[in-house]
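Read off the chains here:
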Amino acid sequence: MRHVALTPSSSRLPRHLIIAASALWLLLTLFGPMLAQSPSYHAFADQRAFGALPHAMDVLSNLGFLVAGVAGLWALHRTRFVAIAPTARCMVAVFFVGLIGCFAGSSYYHWAPDNAALVWDRLAMCVPFAGILGLAVQQTCDDDAVAWLAAIAMLVAAVSSTLIWQHGGNMLPWAVAQGGGMLALIVLAFLPSRKGSLHVHLGVVIGFYALAKVFELADAQVFGMSGELLSGHSAKHLLAAAAAWPLLSALGALRVNAATAFLPNKGTMPVSNKLRC
């Protein structure tokens, strides 16, 4: 996608999108119907244990989140001498730290799946949701305050939704927070990127997330079709972790482009006097 300088009117679209999504979440939370979690929610297809490790594949597949999170923080560290907008850098860090949190929360939950453990799984998921939405807004809007607004709104909505479900059993706020955040990402993916932003291919992020949801819903079917090698839920973990790839790619490309731009003339970097490996 071509970098375009946003006009004041176009830069207001993300702000209006965040306000509208927040209002919709609040209205449905207060006045929407009760949506109960399925009684069989914790009955995953793959119940195999490896030695003392219960639900082994559903636990071990969370390693993808750990690998992606650590790799992302390392890639971000390697751009410390490359000029990146502070807000974008913060949102990327929030996203990757959130993935490490997902590794911990989801592993804990799948060790012994129940509602009490699921709370920690969902709370961990709130962090990367906030990071990717804030980054997407920062990428398309020339007002960084709107990116912070988006990230905070997503974090508050997701955490509140988790607590509402924990204490009242209503899944609707959580479903709206997740679905609304994804719809916002889809809209933002069609907007032009602001000049000089960290260009992340949001369409690829959305694609991996959509595939993860499909495999999650087809947990038992995938398990049977794979000859009981891999369940849909385990595959979901791996696909969700793979959604970090566009961010890793963008950081790598930024670092390579910065090095290429300054090496021919042996110039200096805009932030430091060299690009370290």
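The rules behind the values
Residues numbered from 1 in each chain as written. Predicted model: local features only at pLDDT ≥ 70, side-chain atom pairs only at ≥ 80, totals over all residues. Heavy atoms only, no water. Phe/Tyr/Trp six-rings, centres within 6.5 Å; stacked < 30°, edge-to-face > 60°. Helix = DSSP H or I, 4+ residues; strand = E, 2+ residues; numbered from the N terminus. Buried < 20%, exposed > 50% of the residue type's maximum accessible area, 1.4 Å probe, protein only. Salt bridge = Lys/Arg side-chain N within 4 Å of Asp/Glu carboxyl O. pLDDT = per-residue confidence, 0-100. Contact = heavy atoms within 4.5 Å.

Q: Just to check I follow, could you spell out the packing of aromatic side chains for this structure?
A: What the rule picks out here adds up to four aromatic pairs. With a centroid separation of 6.0 Å and an interplanar angle of 80°, the aromatic rings of Phe-44 and Tyr-109 are classed as edge-to-face. Taken together, the residues span a long stretch of sequence, with Phe-44 in the loop between helix H1 (8–31) and helix H2 (56–60) and Tyr-109 in helix H4 (residues 86–111) at a distance of 65 residues. Neither Phe-44 nor Tyr-109 differs from the other in exposure class; each is buried. Aromatic side chains Phe-129 and Trp-174 sit 6.3 Å apart centroid to centroid with 40° between the ring planes, which places their arrangement in the tilted category. Within this pair, whereas Phe-129 is found in helix H5 (residues 115–140), its partner Trp-174 is found in helix H7 (residues 172–189), the two being separated by 45 residues in sequence. No difference in accessibility class separates Phe-129 from Trp-174, as the two residues are buried.

Q: It is not clear to me how unusual backbone geometry should be interpreted in this structure. Could you clarify?
A: With the exception of glycine, most residues fall at negative phi, and the peptide bonds are largely trans. Although it is not a glycine, His-55 adopts a positive phi angle of roughly 45°. Relative to the assigned elements, His-55 resides in the loop between H1 and H2. Looking at His-55, the relative accessible area reads 16%, which means it is buried. Positive phi values are uncommon outside glycine, yet Glu-228 reaches one of about 60°. Looking at the secondary structure, you find Glu-228 in the loop between helix H9 (219–225) and helix H10 (232–242). By relative accessible area, which is 47% here, Glu-228 ends up partly exposed.

Q: Where do I start with the pattern of salt bridges in this structure?
A: Opposite charge on two side chains allows them to pair when their charged atoms are near. Scanning the model with the defined rule gives four salt bridges in all. The closest approach of N and O atoms between Lys-213 and Glu-216, which form a salt bridge, is 2.9 Å. Within this pair, Lys-213 and its partner Glu-216 are both found in helix H8 (residues 202–217), separated by three residues, close to a single helical turn. With its nearest N and O atoms 3.5 Å apart, the salt bridge here joins Glu-216 to Lys-236. Here Glu-216 is found in helix H8, whereas its partner Lys-236 is found in helix H10, with 20 residues between them in sequence. Both residues of the pair, Glu-216 and Lys-236, count as buried.

Q: Any chance you could explain the confidence of the model for the chain here in plain terms?
A: Close reading of the predicted structure is inappropriate where its pLDDT is low. For the chain, the mean per-residue pLDDT works out to 89, and 89% of the residues sit at or above 70. Within the model, the stretch residues 1–9 combines pLDDT values under 50 with 21 contacts to residues more than four positions away or in other chains. pLDDT under 50 marks residues 266–277. Its contacts with residues more than four places away, or in other chains, come to 26 contacts.

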